[in-house]
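Read off the chains here:
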Amino acid sequence: MCFVSEMSEQQQGCELDQDQLCCPICLDILKEPVTLNCGHSFCSSCIKGYWDHEDTGVYCCPHCRESFSPRPVLRKNTLLAELVMKLSSTAAQQSPAASAAPLYAGPADVACDFCTGARRRKALMSCLTCLASYCETHLQPHYNVPVLKKHKLVPATDKLQEKMCSSHDKLMELFCRTDQQSICYLCTMDEHKGHDTVSAAAEKAEKQKQLVTSQEEVQQKIQEKKKELKDLRQVLEALNRSADAAVEASDRIFSEMKVSIERRRGELKQLIRDQQQNAVAQTEALLRQQEQTLEQLERRHAELEELSNTEDIITFIQSFQSLSSSTGSPVSPSVVVCPLRSFTDVTDVVSGLRDQLDNLLTTTWPQISNRVCAVDVDDPAEPQTRKDFLQYSCPLSLDINTISRNLTLSEEKRKVTVTRQQQPYPDNAERFVGYAQVLCTEGLSERRYWEVERSGRDAAIAVCYKDTNRRDMFGYNDKSWSLVCNSNGCWFIHNSVDTKVSGPVSSRVGVYLDHKAGTLSFYSVSDTMTLLHTVQTTFTQPLYPGIGLWYLNYGDTAELCKTW
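Residues numbered from 1 in each chain as written. Predicted model: local features only at pLDDT ≥ 70, side-chain atom pairs only at ≥ 80, totals over all residues. Heavy atoms only, no water.

Visitor: Residue-level account of the overall build of the protein chain, with values.
Guide: Each helix and strand in the protein chain was counted, giving 10 helices and 23 strands. Within the protein chain, contacts between residues at least 6 apart in sequence are counted, and of these 54% link residues at least 24 apart. Accessible area for the protein chain stands at about 36,300 Å²; split by element, carbon and sulfur atoms hold 53% of it. (Helix = DSSP H or I, 4+ residues; strand = E, 2+ residues; numbered from the N terminus. Contact = heavy atoms within 4.5 Å. Areas by Shrake-Rupley, 256 points an atom, 1.4 Å probe, with all protein chains shown as cover.)

Given below as structure tokens:
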């Protein structure tokens, strides 16, 4: 360290001369130097800008504050200009790279610890032995002096103190693998004595190997992610194309249906008008015929009335014979007037067609929507824990229109109880008859999970299609799936086939539905979840959760647990 100080003192003269060539305003090497009457020199542009900014009529030297009036005429300092030119030329010859680099340290740079003057040069290297940073000029002894050549040089850093041991103020050249921290050699003699220690270089080499492995892993993941991104972009393009094509095809099909309906509507309208025209023509002809007959009868009646009033006997006899020999009363076909005939029957038939179309759309719409919902890019992993299952929970409520009269429904519509007295529910085609059963209002066609808490002897936890037979017990047709639980165990029932289920019998049963995958699973829920039974099939309609109880087990209850 003393030798470094001596070298610095030897070079200070050179540095001082160079500092004297700096402008006191911009602190950089003079450019077009000019000298004031006080003897101080400045860049021509710097002093002009300074005076222009401070133009008060009195002009002073920024360095010694001597005043001048009027404003001095600036003259070039030829000697300083030549010195600056020679200095720049010499610096460029000695170190072209350095001359191209910034000469002085900026706010984000590390400054040389041995430079003096108003501004310090930018440090190139830091010495871990000297704990100092050096510019290119002051760094030369570390390359030329043998004793300094042994010092450890690193790229310039302002965090030298962080590399020193806080306890011993020594460079942390070792690494304690026991405590996973950098230490100095004195630390191995006290608090880290007996620990697994290696040199910092050895630890770096080991970490470097791990780094290479990590880099390879990250690089592999990068490639995998790039491939995934490429695949996803292709999927995105395919999805957009497919969706656009589906919308276009659907619009075309519905337009064709609309055109067909409009065509039939026009044909029916024309048919009705044609039939109306024919029927009206026939009725009007018949009407005219009957009006003529009526007119003739009224005329005949008048003649007979006049004859009845004739008092002359001979005239009466002659007129009567004349009237009797003439054509008798006009005769026309009798018309039987039926009740009003109209086109009401046609309206009824068209209304029936509308109802059939509505029913067809209602029946086929779930299939259409299911096909649309089946388009899924990301297929989530199967849930493993109850927490995973609960993320698929959804609000459910029991439908009073389906509940049998053997059950009472709680106000929140989540709990049913077997009752001895029949409930006065109104007649409804959706209501279960003969069995104490009820469905939920919500139809499920996605991933869903729910739980049912039972209290009593027997309970059925089920799912079924909306159109399941309301006189069948859950599981005893091909449109319902049911898990029946009691104190003796559990049975799975579908299409009248019973399957004994092994596993713990819990009062709470969890149901997991993956409609798209065709998976229906039942779990016994307590402190843990235990799979009881899984069904793998194809669901063609939305599934409605259901609850069934034995109608003679008065007081038994079952409740949809609020897991959402």
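There's plenty left to go through after this.
Visitor: Explain the side chain of Asp556 to me, and be specific about the residues and the numbers.
Guide: Tracing the backbone through its elements, the reader meets Asp556 in the loop between β22 (544-549) and β23 (557-560). Put simply, Asp556 is tucked away with no salt bridge, and the nearest opposite charge, on Arg457, sits 4.4 Å away. Not counting chain neighbours up to four residues away, the residues in contact with Asp556 comprise Val416, Thr417, Val418, Ser455, Gly456, Arg457, Asp458 and Leu549. (Buried < 20%, exposed > 50% of the residue type's maximum accessible area, 1.4 Å probe, protein only. Lys, Arg positive; Asp, Glu negative; His and termini not counted. Salt bridge = Lys/Arg side-chain N within 4 Å of Asp/Glu carboxyl O.)

Visitor: Go over the nonpolar core, please, and point to the residues and values.
Guide: Core analysis: the largest hydrophobic core is formed by 37 residues, its most contacted members being Val416, Trp450, Trp481, Leu483 and Leu520. If we skip the residues at most four places from it in the chain, Leu520 touches Val463, Trp481, Val511, Tyr512, Leu513, His533, Thr534, Val535 and Phe539. Cys46, Trp51, Tyr59 and Tyr104 belong to the second largest nonpolar core, which has 18 residues in total. (Core = buried A, V, L, I, M, F, W, Y, C linked by side-chain atoms within 4.5 Å.)

Visitor: Hey, could you go over a nonpolar patch on the surface for me, with residue numbers and the actual values?
Guide: Together, Ile253, Phe254, Met257, Ile261, Leu357, Leu360 and Leu361 make up a nonpolar patch on the protein surface, roughly 610 Å² of accessible area in all. Of all elements in the fold, only α7 (200-308) and α9 (344-373) reach the threshold of two or more residues within the nonpolar patch. In this structure, Ile253 sits in helix α7. Residue Ile253 is classed as partly exposed on the basis of its relative accessible area, which comes to 42%. (Patch = residues over 30% accessible without salt bridge, like charges linked within 9 Å, V, L, I, M, F, W, Y side chains within 5 Å.)

Visitor: Requested: an account of the confidence of the model for the protein chain, with residues and values cited.
Guide: Per-chain confidence: the protein chain averages 85 in pLDDT, with 88% of residues scoring 70 or above. Within the model, pLDDT remains below 50 along residues 1-16, and this stretch shows 14 contacts once partners closer than five positions in the same chain are excluded. With pLDDT under 50 throughout, residues 96-102 is counted as low confidence; its partners more than four residues away or in other chains account for five contacts. (pLDDT = per-residue confidence, 0-100.)

Visitor: Pulling in residues and values, what's your account of the sheet that holds strand β11 (residues 407-409)?
Guide: The seven strands lie next to each other as β11-β12-β23-β14-β19-β20-β21, forming an open sheet whose pairing is antiparallel. The open sheet is flanked by β11 and β21 (529-536), the only strands paired with a single partner. Going from strand to strand, the sheet's axes swing by 20° on average, the running direction of each strand aside. With four bridges joining them, strand β14 (residues 447-455) and β23 adopt antiparallel strand pairing. Bridge assignment links Glu453 to a residue of β23, and that residue is Glu559. (Pairing = 2+ DSSP bridges. Axes fitted to C-alpha atoms, helices over the stretch in contact; angles between N-to-C directions.)

Visitor: Can you explain unusual backbone geometry? Please cite residues and give values.
Guide: Notably, Lys413 is not glycine yet its phi reads approximately 60°, a positive angle. Locating Lys413 in the fold gives a position in the loop between β11 and β12 (415-418). Classification of Lys413 as partly exposed rests on a relative accessible area of 38%.

Visitor: Pulling in residues and values, what's your account of the environment of Asn553?
Guide: Assignment of secondary structure puts Asn553 in the loop between β22 and β23. What makes Asn553 buried here is its relative accessible area of 5%. The sequence separation of Asn553 and Thr417 amounts to 136 residues, and the corresponding C-alpha distance is 9.5 Å. In contact with Asn553, not counting residues within four places along its chain, are Val418, Arg457 and Asp458. Reaching out from Asn553, the side chain makes a polar contact with the side chain of Asp458 at a distance of 3.1 Å. (Polar contact = N/O pair within 3.5 Å; in protein donor to acceptor, adjacent residues only side chain to side chain.)

Visitor: Tell me about the sheet that holds strand β10 (residues 197-199), and please be specific about residues and values.
Guide: In space, the three strands of this open sheet follow the order β9-β8-β10, with antiparallel pairing throughout. Each of the sheet's edge strands pairs with one partner strand only, and the pair in question is β9 (181-183) and β10. On average, each strand axis in the sheet is inclined to that of its neighbour by 35°, with strand direction left out of account. As paired elements, strand β8 (residues 174-176) and β9 share three bridges and run antiparallel to each other. Bridge pairing in β9 places Phe175 opposite Ser182.

Visitor: Please provide a residue-by-residue account of the environment of His192, values included.
Guide: Relative to the elements of secondary structure, His192 occurs in the loop between β9 and β10. When the C-alpha positions of His192 and Asp179 are compared, they lie 8.4 Å apart, and in sequence the two are 13 residues distant. With residues near it in sequence (within four places) discarded, His192 still touches Cys176, Asp179, Gln181, Ile183 and Cys187.

Visitor: Describe in detail helix α2 (residues 44-53), supporting the description with residues and values.
Guide: Listed as buried for α2 are Ser44, Cys46, Ile47 and Trp51. Elements that come into contact with the buried residues of α2 comprise β1 (33-35), β2 (41-43) and β3 (59-60).

Visitor: Could you give me a rundown of the packing of aromatic side chains, with the residues and numbers involved?
Guide: Tallied over the full model, the rule gives 12 aromatic pairs. Each ring, one from Tyr392 and one from Tyr512, has its centre 6.2 Å from the other, and the planes form 55°; the classification is tilted. Pair noted here: Tyr392 is in the loop between α10 (386-390) and β11 and Tyr512 is in strand β19 (residues 508-514), with a separation of 120 residues, a long-range link. Of the two residues examined, Tyr392 and Tyr512, each falls in the buried class. Both rings, one in Phe432 and one in Phe474, keep their centres 5.4 Å apart while their planes meet at 80°; by these two values the pair is edge-to-face. Remark: Phe474 occurs in the loop between β15 (459-464) and β16 (480-486) and Phe432 occurs in the loop between β12 and β13 (436-439); sequence separation between them is 42 residues. (Phe/Tyr/Trp six-rings, centres within 6.5 Å; stacked < 30°, edge-to-face > 60°.)

Visitor: Explain the pattern of salt bridges to me, and be specific about the residues and the numbers.
Guide: Summed over the entire model, instances satisfying the criterion amount to 18 salt bridges. Residue Glu228 is joined to Lys225 by a salt bridge in which the shortest nitrogen-to-oxygen separation is 3.1 Å. Taken together, the positions of Glu228 and Lys225, both in helix α7 and three residues apart, correspond to about one turn of that helix. Sharing partners across several salt bridges, the network here consists of Arg386, Glu451, Glu453 and Arg508.

Visitor: Please set out the environment of Leu174 residue by residue, giving values where relevant.
Guide: The topology assignment puts Leu174 in strand β8. Considering only alpha carbons, one finds Leu174 and Leu186, 12 residues apart in sequence, at a separation of 9.8 Å.

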